[in-house]
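Listed below, chain by chain, are the residues.
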Amino acid sequence: MPKTSKDLLEFWEEQMKLSHTSSNYFFRKSPSHYHMMLIVMNSFKRKENLSVEELKTRLFKTSRPKSALMIKEACEKNFFSLEKKGKDHRKKYVIPTQGFIEEFGNYLTTLKNLSF
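A brief report on the enclosed structure follows.

About the criteria used
Residues numbered from 1 in each chain as written. Predicted model: local features only at pLDDT ≥ 70, side-chain atom pairs only at ≥ 80, totals over all residues. Heavy atoms only, no water. Core = buried A, V, L, I, M, F, W, Y, C linked by side-chain atoms within 4.5 Å. Buried < 20%, exposed > 50% of the residue type's maximum accessible area, 1.4 Å probe, protein only. Helix = DSSP H or I, 4+ residues; strand = E, 2+ residues; numbered from the N terminus. Contact = heavy atoms within 4.5 Å. Pairing = 2+ DSSP bridges.

1. Describing the nonpolar core
Buried together is how nonpolar side chains tend to be arranged in soluble globular proteins. Counting residues in each nonpolar core, the largest one holds 20 residues, and the members touching the most others are Phe27, Met36, Val40, Leu55, Phe80 and Phe100. At the level of elements, α2 (23–27), α3 (31–45), α4 (52–58), α5 (64–76) and α6 (98–113) are the ones that each hand at least two residues to this core. The residues touching valine 40, leaving out its near neighbours within four places in the chain, are Leu50, Leu55, Phe80, Val94 and Pro96.

Below you can see the structure in the form of structure tokens.
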């Protein structure tokens, strides 16, 4: 087996060992979970405010109640937090937590260094 293939396999197995605590496990539950993660992290990188309602709307093929449940669960697992900003305190914005930002950065770095 080529070294890069073994590295990819080892990386995957290591991720699966962390399955109950890792964000990778949570965000791989469904395509909608993964899409939610990408939307939130894209908004964070671009320094754009992402409201809960906007996130629910942008999650395609996911009902609004299911989207709300996914967001709530991500907040409970401390991957995201909700903040009120600006003049309109009725709006809540989805913000990735510092711990998740670091975990996501490490994940991307590892993936960049792997090839198949």
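2. Comments concerning the environment of alanine 74
With respect to the element layout, alanine 74 can be found in helix α5. Judged by its relative accessible area of 0%, alanine 74 falls in the buried class. Along the backbone, alanine 74 and proline 96 are 22 residues apart, and their C-alpha atoms lie at a distance of 9.4 Å. Apart from residues no more than four positions distant in its own chain, alanine 74 is found in contact with Phe26, Met36, Phe79 and Phe80.

3. Here's the deal with the pairing of strand β2 (residues 93–96)
Residues of β2 alternate between two faces, with Tyr93 and Ile95 on one and Val94 and Pro96 on the opposite face, all of them buried. Where strand β1 (residues 80–83) lies against β2, four bridges are found, and the strand directions are antiparallel. Looking at β2, one finds that glutamate 83 is bridged to tyrosine 93.

4. Considering unusual backbone geometry
Backbone geometry places lysine 61, a non-glycine residue, at a positive phi of 55°. With respect to the helices and strands, the residue lysine 61 is situated in the loop between α4 and α5. Taking relative accessible area as the criterion, lysine 61 reaches 83% and is therefore assigned exposed. For asparagine 78, which is not glycine, the phi torsion reads 65° and is therefore positive. With respect to the helices, strands and loops of the structure, asparagine 78 is situated in the loop between α5 and β1. Accessibility expressed as a relative area gives 52% for asparagine 78, which makes it exposed.

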